[in-house]
Amino acid sequence: MKALKVISAFLTKIENGIIVLLLGGMIILAFLQVVLRNAFSTGLLWADPFLRHLVLWIGFLGASLATQQEKHINLDIVTRFLSPRWVSTVRTMTNLLAAAVTAFLVRAGWTFVQNEMSSQEPLFTIGQLEVQAWWLQLIIPFGFSLMAFRFILRTISHAIEMVRPP
């Protein structure tokens, strides 16, 4: 269990760093678009779809962080009236169900990415580089995988609390 917590802490640092970089890049790119459009009546054709996909990345990474901090799914109204052992039981079941749902969403996300891969339609081009949509949409199965991992960790943690209350 300790090794899984170390991995989770390491992932948290990576996710935080990626979110900061993506958000900073989004702000700069969006500001550049506004300046180019208003001052020069031009813009970067690829910037808008790229920004939309970066929002998707930040959303999935943020959801993973929320799951890690146990702020994603919470039955707070139920747990207020229960003993600590029953709170652990409810949280174990909630996290187990959420892990199962996200596991199905990993599969659905991967199917979606495979469909995008087969289309071979570029999302946009930058010079000679054709950026495929699926490159940026890989965050869907990957993000759900991160969330499923975090839900499984929470399930194990709460199951241990059921057996040995803190």
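Computed from a prediction, not measured in an experiment: that's the story for all the values here.

Engineer: Help me understand the pattern of salt bridges, please; the structure alone is not making it clear to me.
Structural biologist: A side chain of one charge can pair with a side chain of the opposite charge when the charged atoms of the two come close. All told, the structure shown has 3 salt bridges when counted by the stated rule. Here Glu15 and Arg150 are joined by a salt bridge, their closest N and O atoms 3.1 Å apart. Taken together, the residues span a long stretch of sequence, with Glu15 in helix α1 (residues 2–40) and Arg150 in helix α6 (residues 139–163) at a distance of 135 residues. This pair shows no difference in class: Glu15 is buried, exactly as Arg150 is. Across the pair Arg154 and Glu70 runs a salt bridge whose closest N-O atoms are separated by 3.7 Å. On the criterion of sequence distance, the pair formed by Arg154 in helix α6 and Glu70 in the loop between α2 (47–68) and α3 (76–79) is long-range, its members being 84 residues apart. For Arg154, a relative accessible area of 22% corresponds to the partly exposed category.

Engineer: Before we go on, may I ask you to explain the packing of aromatic side chains in this structure?
Structural biologist: Here a ring pair, both rings aromatic, is described through the centre-centre distance and the interplanar angle of the planes. Inspection of every chain in the model, using the stated rule, returns 5 aromatic pairs. Residues Trp134 and Trp135 carry aromatic rings whose centres are separated by 6.3 Å and whose planes lie at 80 degrees to one another, so their mutual orientation is edge-to-face. Within the aromatic cluster, the residues linked to one another by ring pairs are Trp46, Phe50 and Phe124.

Engineer: Which parts of the structure should I look at to understand the side chain of Ser64?
Structural biologist: Looking at the secondary structure, you find Ser64 in helix α2. For Ser64, a relative accessible area of 0% translates into the label buried. For Ser64, the side chain forms a polar contact with the side chain of Glu15, separated by 2.7 Å. The contact partners of Ser64, leaving out residues within four places of it in the chain, are Glu15, Leu146, Met147 and Arg150.

Engineer: So what exactly am I meant to see when it comes to the packing of α2 against α6 here?
Structural biologist: In a pair of packed helices, the angle between the axes and the distance between the axes together describe the arrangement. Closest axis-to-axis distance for the α2/α6 pair is 8 Å, and the angle between their directions is 5 degrees. On the basis of their axis angle, the class for α2 and α6 is roughly parallel. Touching Leu56, Trp57, Phe60, Leu61, Ala63, Ser64, Leu65, Thr67 and Gln68 of α2 are Ile139, Ile140, Gly143, Phe144, Leu146, Met147, Arg150, Phe151 and Arg154, all from α6. Taken together, the residues of the contact of α2 with α6 break down into 12 nonpolar, 4 polar and 2 charged.

Engineer: Help me out: how do you make sense of the packing of helix α4 (residues 84–119) against α6 in this one?
Structural biologist: At their nearest, the axes of α4 and α6 sit 7 Å apart, and the two run at 160 degrees to each other. When the interaxial angle is binned, α4 and α6 end up roughly antiparallel. Handedness of the crossing formed by α4 with α6: left-handed. Classifying every residue of the contact of α4 with α6 by side-chain character gives 19 nonpolar, 9 polar and 4 charged.

Engineer: In this structure, what is going on with the pairing of strand β1 (residues 122–126)? I would like to understand it.
Structural biologist: A regular strand places its side chains on the two faces of the sheet in alternate fashion. Across 4 bridges, β1 lies against strand β2 (residues 129–132) in antiparallel orientation. For Pro122, the partnering residue across the bridge sits in β2 and is Gln132. What sits between the antiparallel neighbours β1 and β2 is a turn of 2 residues, in which Gly127 has the positive phi angle 65 degrees.

Criteria and thresholds
Residues numbered from 1 in each chain as written. Predicted model: local features only at pLDDT ≥ 70, side-chain atom pairs only at ≥ 80, totals over all residues. Heavy atoms only, no water. Salt bridge = Lys/Arg side-chain N within 4 Å of Asp/Glu carboxyl O. Helix = DSSP H or I, 4+ residues; strand = E, 2+ residues; numbered from the N terminus. Buried < 20%, exposed > 50% of the residue type's maximum accessible area, 1.4 Å probe, protein only. Phe/Tyr/Trp six-rings, centres within 6.5 Å; stacked < 30°, edge-to-face > 60°. Polar contact = N/O pair within 3.5 Å; in protein donor to acceptor, adjacent residues only side chain to side chain. Contact = heavy atoms within 4.5 Å. Axes fitted to C-alpha atoms, helices over the stretch in contact; angles between N-to-C directions. Parallel < 35°, antiparallel > 145°, perpendicular 65-115°, else oblique. Nonpolar A, V, L, I, M, F, W, Y, C, P; charged D, E, K, R; others polar. Left-handed = near helix turned anticlockwise from the far one by under 90°. Pairing = 2+ DSSP bridges.

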